[in-house]
Amino acid sequence: QVTTPSGWIPVARAGSLNEGETLRVQVDGTVMAIAKLQGVFYAFQEFCPHAGGPLSEGSFQSEQVQCPWHRSCFDVRTGQVTRGPAKVALRTYPVMVWADTLHVRLSPEFLPKDKGDKGRRQEKKGEPVFS
């Protein structure tokens, strides 16, 4: 039996999500989307802060999600708005794979340094291109 690391909540098998797919989960009353993009898992709030569009049904380009309702775009690594009409950033959540299971952590103050620093260094400015 594998013990889950403290503070991390198991949500799904890592192998259940293919490249470019999303999964909607609810963790302690928080609804979030989990996406696998370029081999990396990201977790962020499910509903667009602009008008509540379901981001798990949005389109993805690199590390950005486009809301299916009004086309607001967000960086899934940082939550920052990259194109409006949304003005409020998304909440993002740390994700890790432990024993072939995806785990999330709700505490926003916790973010592994390697993932957080990498995301901030790679943050791109400008409008994304979606097909």
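Predicted model only: the values in this text are computed from it and were never measured.

This part is about the environment of Gln-66. Relative to the elements of secondary structure, Gln-66 occurs in strand 6 (residues 64-66). With relative accessibility at 7%, the residue Gln-66 sits in the buried group. The sequence separation of Gln-66 and Gly-53 amounts to 13 residues, and the corresponding C-alpha distance is 9.9 Å.

This part is about the environment of Ala-14. If you trace the backbone, Ala-14 turns up in the loop between strand 1 (9-13) and strand 2 (22-27). Counting along the chain gives 83 residues from Ala-14 to Val-97, while the straight-line C-alpha distance between them is 6.7 Å. Discounting chain neighbours no more than four positions away, the residues touching Ala-14 are Phe-41, Val-97, Asp-100, Thr-101 and Leu-102.

This brings us to the side chain of Asp-75. Following the sequence through the fold, Asp-75 ends up in strand 7 (residues 73-75). There is a polar contact of 2.6 Å between the side chain of Asp-75 and the side chain of Arg-77.

Before going further, it helps to examine the sheet that holds strand 3 (residues 30-37). Hydrogen bonds between backbone atoms are what pair the strands of a sheet, whose relative direction is either parallel or antiparallel. If you walk across this open sheet you meet the four strands as 2-3-4-9, and the pairing is antiparallel. Lying at the two open borders of the sheet, with one neighbouring strand each, are strand 2 and strand 9 (92-93). As paired strands, strand 2 and strand 3 are joined by six bridges and run antiparallel to one another. Each bridged residue has a counterpart across the sheet, and for Thr-22 the counterpart in strand 3 is Ala-35.

Across the sheet, which stays open at both edges, the four strands sit in the order 5-6-7-8 with antiparallel pairing between neighbours. The two strands at the open ends of the sheet, each matched to only one other strand, are strand 5 (59-61) and strand 8 (81-83). Within this sheet the neighbouring strands show an average axis-to-axis angle of 30°, counted without direction. One ladder, built from three bridges, connects strand 5 with strand 6; its direction is antiparallel.

Although it is not a glycine, Gln-38 adopts a positive phi angle of roughly 50°. Tracing the backbone shows Gln-38 in the loop between strand 3 and strand 4 (40-45). With a phi angle near 55°, Ser-62 is a residue other than glycine that sits in the positive phi range. Checked against the element boundaries, Ser-62 lands in the loop between strand 5 and strand 6.

We now examine the side chain of Ser-72. You can see Ser-72 is positioned in the loop between strand 6 and strand 7. With relative accessibility at 0%, the residue Ser-72 sits in the buried group. Among all residues touching Ser-72, those that are not within four sequence positions of it are Cys-48, His-50, Val-65, Gln-66, Cys-67, Arg-83, Gly-84, Pro-85 and Ala-86.

Reading the values: the criteria
- Numbers given to residues run from 1 along each chain, matching the order in which its sequence is written.
- It should be noted that, the model being predicted, local features are given only for residues of pLDDT at least 70 and side-chain atom pairs only at 80 or more, the latter also being counted only at that level, while totals for whole chains, interfaces and linings use all residues.
- Think of the side-chain values as coming from all heavy atoms in the structure, minus any hydrogens and water.
- Starting at the N terminus, helices and strands are each numbered in turn, a helix being any DSSP run of H or I of at least four residues and a strand any DSSP run of E of at least two.
- Accessibility here uses a 1.4 Å probe with only protein chains present; expressed as a share of the type maximum, an area under 20% marks a residue as buried, one over 50% as exposed, and anything in between as partly exposed.
- Note on definitions: a residue-residue contact is assigned when non-hydrogen atoms from the two residues lie within 4.5 Å.
- Between N or O atoms, a polar contact is any pair within 3.5 Å; within protein, one atom must be a potential hydrogen donor and the other a potential acceptor, and residues adjacent in sequence are included only when both atoms are from side chains.
- A pair of strands is labelled paired if DSSP reports no fewer than 2 bridges between them.
- Geometry is summarised by axes, namely lines fitted to C-alpha atoms with helices restricted to the contacting stretch, and by angles between N-to-C directions that run from 0 to 180 degrees.

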